[in-house]
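Examination of the molecular architecture
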Amino acid sequence: MSEERHQNLAIIGHVDHGKSTLVGRLLYETGSVPEHVIEQHKEEAEEKGKGGFEFAYVMDNLAEERERGVTIDIAHQEFSTDEYDFTIVDCPGHRDFVKNMITGASQADNAVLVCAADDGVQPQTREHVFLARTLGIDELIIGINKMDLVDYEEGRYRETVDEVTELLKQVQFNPDDAKFIPISAFEGDNVAEDSENTPWYDGPNLLESLNDLPAPSPPTDADLRLPIQDVYTISGIGTVPVGRVETGTLNTGDNVSFQPSDVSGEVKTIEMHHEEVPKAEPGDNVGFNVRGIGKDDIRRGDVCGPADDPPSVAETFQAQIVVMQHPSVITAGYTPVFHAHTAQVACTIESIDKKIDPSTGETAEEEPDFIQSGDAAVVTVRPQKPLSIEPSSEIEELGSFAIRDMGQTIAAGKVLNVQEP
Ligand code: GDP
């Protein structure tokens, strides 16, 4: 797959605003619903005397199957426009959504935010937009959905657009990098075809907007960074770490180092999509084999990089964070779990160095006693176990994290600098 043509796309938004329905609609309109699924539903429809193949019928069935607990795997579904092959990287409504968004495994280049016109901005709309912003989504397409429920009224559309624009400004997402479209995922308005129900809207439809997205630029120039997701033992080959190349290239014959496990060796083979390849580039999911490395020498959360310029390991690091939601206040000594690439490590916020005015980026208060929801701050962090992480100014892909506690994302941030042991 040529890199320029491929995009990872996240579909984000509050529960019940229509993410699954939109994914179904996109797959259906682009002819990407797997043939066996179409066949199955056609047969069922005919048996029940309903005849024909209706999108709504498929969605109803999928919804029913979901309720019955049958797994419909709509994670990693693919569809194409003239310009791009899109992979939908997150199964909407998936419990691990936030975690997936943070780990490199499913990092999206761009995202579609679904916001229902009859419900407006809701808590998960905020959470997802906030994460998208912090974790480096480049462009946001905002589908103001369920326009059919508000009689395709321009006024209601504008109000919802204003609400979302306000949210974008709060998280400092440039509204110029956002495109709004009035849609109905259920009825199909402005998804694949321009709708007659919205004569007051003359912008592109959703598929056109996806097609017009700028191509993601793969960061091949940077040093290799490959966070390890899993480590397998495969008979006849040996130890096979797997993961996604975030930056740089991995070549057979390279000497690589795994940090913080601190072992190194020569890359013997690289495998991608069950085929042996001589090299792997950013975005490639690979399994590879390294001479002399055993299964217990390395683990998930390690980062693979060049042996002569190994990934950084932090004794402490300084970071800029934004507190999204915390029931009380955060003070020095707080030790939640940090999720960075594929690593999850308990880290202590050792000091709160300064509070920042989120609208100007200027220091609002030196060494505050505490921070709370909505605050931005610079903090010094001490991982309780070795953690490989990079300053975001040097390697953006390895320089962001989310802070989770009590099953929620408390905050997210970027690494400013790393103090190595
Ligand atoms: P998700 O939780 O965001 O994935 O939302 P779903 O896709 O499961 O949709 C939630 C409910 O809203 C379902 O009953 C859908 O049929 C309905 N829905 C989704 N999109 C539309 C729409 O454009 N118009 C109408 N009227 N209902 C919709």
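Residue numbers restart at each chain and count upward from 1, following the sequence in its written direction. Since the coordinates come from a predicted model, pLDDT governs what is reported: local features require at least 70, and pairs of side-chain atoms require 80 or more to be given and counted, while whole-chain, interface and lining totals use all residues. Heavy atoms from the whole structure form the basis of all side-chain values; hydrogens and water molecules are not counted.

Going by what an unreviewed UniProt entry lists, the protein chain is known as Elongation factor 1-alpha and is assigned to Halorientalis regularis. UniProt positions are given in the numbering used here, feature names are shortened, and annotations may be inferred rather than shown by experiment. Recorded in UniProt under Catalytic activity (unreviewed entry), the annotation for the protein chain is "GTP + H2O = GDP + phosphate + H(+)". Heading Function (unreviewed entry) of the UniProt record for the protein chain holds this comment: "GTP hydrolase that promotes the GTP-dependent binding of aminoacyl-tRNA to the A-site of ribosomes during protein biosynthesis."

With that settled, consider the overall build of the protein chain. Every helix listed is a DSSP run of H or I at least four residues long, and every strand listed is a run of E at least two residues long, numbered separately from the N terminus. On a plain count of helices and strands, the protein chain comes out with seven helices and 24 strands. Residue exposure (1.4 Å probe, protein chains only): buried if accessible area is under 20% of the type maximum, exposed if over 50%, otherwise partly exposed. Burial analysis of the protein chain (421 residues in total) assigns 52% to the buried set. Working definition of accessibility: Shrake-Rupley area with a 1.4 Å probe, residue cover restricted to the visible protein chains. Total accessible area on the protein chain is roughly 19,100 Å²; 43% of this is exposed by carbon and sulfur atoms.

Bringing the packing of aromatic side chains into the picture now. In this analysis, rings of Phe, Tyr and Trp, with Trp reduced to its six-membered ring, are considered paired at centre separations within 6.5 Å, and the interplanar angle assigns stacked below 30 degrees, edge-to-face beyond 60, and tilted for intermediate values. All chains considered together, the criterion is met by seven aromatic pairs. A ring pair is formed by F79 and F86, whose centres lie 5.2 Å apart and whose planes are at 20°; its orientation type is stacked. When its relative accessible area of 1% is taken as the criterion, F86 is described as buried. These aromatic residues form a ring-pair network of at least three members: F79, Y84 and F86.

Most of helix α1 (residues 19-29) sits inside the fold, with eight of its 11 residues counted as buried. Looking at α1, one finds that the buried residues are K19, S20, L22, V23, G24, R25, L26 and L27. Backbone geometry just after α1 places G31 at a positive phi near 70°.

On to the pattern of salt bridges. A pair is scored as a salt bridge if a Lys or Arg side-chain nitrogen falls within 4 Å of a carboxyl oxygen belonging to Asp or Glu. Inspection of every chain in the model, using the stated rule, returns 13 salt bridges. Of the charged contacts in the structure, one is a salt bridge between E154 and R158, with a shortest N-O distance of 3.6 Å. With a gap of four residues between them, E154 and R158 both fall in helix α6 (residues 154-170), about one helical turn apart. Owing to a relative accessible area of 41%, R158 belongs among the partly exposed residues under this scheme. Salt-bridge contacts for D375 lead to K355; the nearest nitrogen and oxygen are separated by 3.9 Å. Taken together, the residues D375 in the loop between β20 (363-366) and β21 (376-383) and K355 in strand β19 (residues 343-356) connect sequence positions 20 residues apart. A single network of salt bridges, built from pairs that share partners, joins R156, E159 and E163.

This part covers unusual backbone geometry. For the bond from Q259 to P260, the omega torsion is 5°, close enough to zero to count as cis. The residue P260 is located in the loop between β10 (255-259) and β11 (263-272) in this model. With phi around 55°, D151 is a residue other than glycine that occupies positive phi space. Residue Y152 is not a glycine yet carries a positive backbone phi of 55°. Position of Y152 among the secondary structure elements: in the loop between β5 (140-145) and α6. Look at Y152 and you get buried, because its relative accessible area is 16%.

Of all residues adjacent to the ligand, which total 16 residues, the nearest are D16, K19, S20, T21 and D148. Backbone polar atom of A185 to an oxygen atom of the ligand: 3.0 Å apart, as the coordinates give it. Protein coverage of the free-state accessible area of the ligand, which is 580 Å², stands at 77%. The leading source of residues in the shell around the ligand is α1, at three residues. Any residue that is not Ala, Val, Leu, Ile, Met, Phe, Trp, Tyr, Cys, Pro, Asp, Glu, Lys or Arg is counted as polar, Gly included; the first ten are nonpolar and the last four charged. When grouped by side-chain class, the residues that make up the shell around the ligand number four nonpolar, seven polar and five charged. For each residue, the test is whether any non-hydrogen atom lies within 4 Å of the molecule or strand; if one does, the residue is near. The term polar contact refers here to a pair of N or O atoms within 3.5 Å; inside protein, the definition further demands a hydrogen-donor-capable atom paired with an acceptor-capable atom, and it admits residues adjacent in sequence only when both atoms are side-chain atoms.

The pairing criterion for strands is at least two bridges between them, as found by DSSP. The six strands are arranged β2-β3-β1-β4-β5-β6 in an open sheet whose pairing can be described as mixed. The open sheet terminates on both sides in strands that have one partner only, identified here as β2 (77-80) and β6 (178-182). Taken pair by pair, the neighbouring strands of this sheet meet at an average axis angle of 25°, ignoring direction. Residue contacts are counted whenever heavy atoms from the two residues lie within 4.5 Å of one another. Whenever a helix is involved, its axis is fitted only over the stretch in contact; in every case the axis is a line through C-alpha atoms, and angles between N-to-C directions fall within 0 to 180 degrees. Lying over the sheet, α6 contacts β4 (110-116), β5 and β6, oriented at roughly 160° with respect to β6.

A few words on the nonpolar core. In terms of nonpolar packing, the biggest core is built from 55 residues, with I144 and L210 touching the most fellow members. Dropping the residues within four chain positions of it, I144 is found in contact with C115, A117, Y157, T160, V161, V164, F180, I181, P182 and I183. In these notes, a set of buried Ala, Val, Leu, Ile, Met, Phe, Trp, Tyr and Cys residues joined through side-chain atoms within 4.5 Å is what counts as a nonpolar core. Membership of the second largest hydrophobic core comes to 26 residues, among which are A340, A377, A411 and V415.

Next up on the list: α6. Expected helix span is taken as 1.5 Å per residue step, with the number of steps being one fewer than the number of residues. Between its first and last C-alpha atoms α6 spans 24 Å; for 17 residues at 1.5 Å apiece the expected length is 24 Å, and the two agree. Among the residues trailing α6, Q172 stands out with phi positive, at a value near 60°.

Moving on, we come to the environment of G188. Of note, G188 is situated in the loop between β6 and α7 (206-211). G188 gets classed as buried once you look at its relative accessible area, which sits at 14%. With 163 residues separating them along the chain, G188 and R25 place their C-alpha atoms 7.1 Å apart. Leave out the neighbours within four places in its chain, and G188 touches R25 and E193.

This paragraph deals with a nonpolar patch on the surface. A cluster of nonpolar residues, Y232, I234 and I237, forms a patch on the protein surface that exposes about 260 Å² of accessible area. With respect to the secondary-structure elements, I234 resides in strand β7 (residues 226-234). Patches in this entry comprise residues that are over 30% relatively accessible and not in a salt bridge; like charges within 9 Å are linked, as are nonpolar side chains (Val, Leu, Ile, Met, Phe, Trp, Tyr) within 5 Å.

What follows covers a negative patch on the surface. Residues D82, E83, E193, D194, E208 and D212 make up a contiguous surface patch of negative charge. Secondary-structure assignment places D82 in the loop between β2 and β3 (85-88). A relative accessible area of 69% places D82 in the exposed class. Lys and Arg are tallied as positive, Asp and Glu as negative. Neither His nor the chain termini are counted. We put the charge of a Lys on NZ, of an Arg on CZ, of an Asp on CG and of a Glu on CD.

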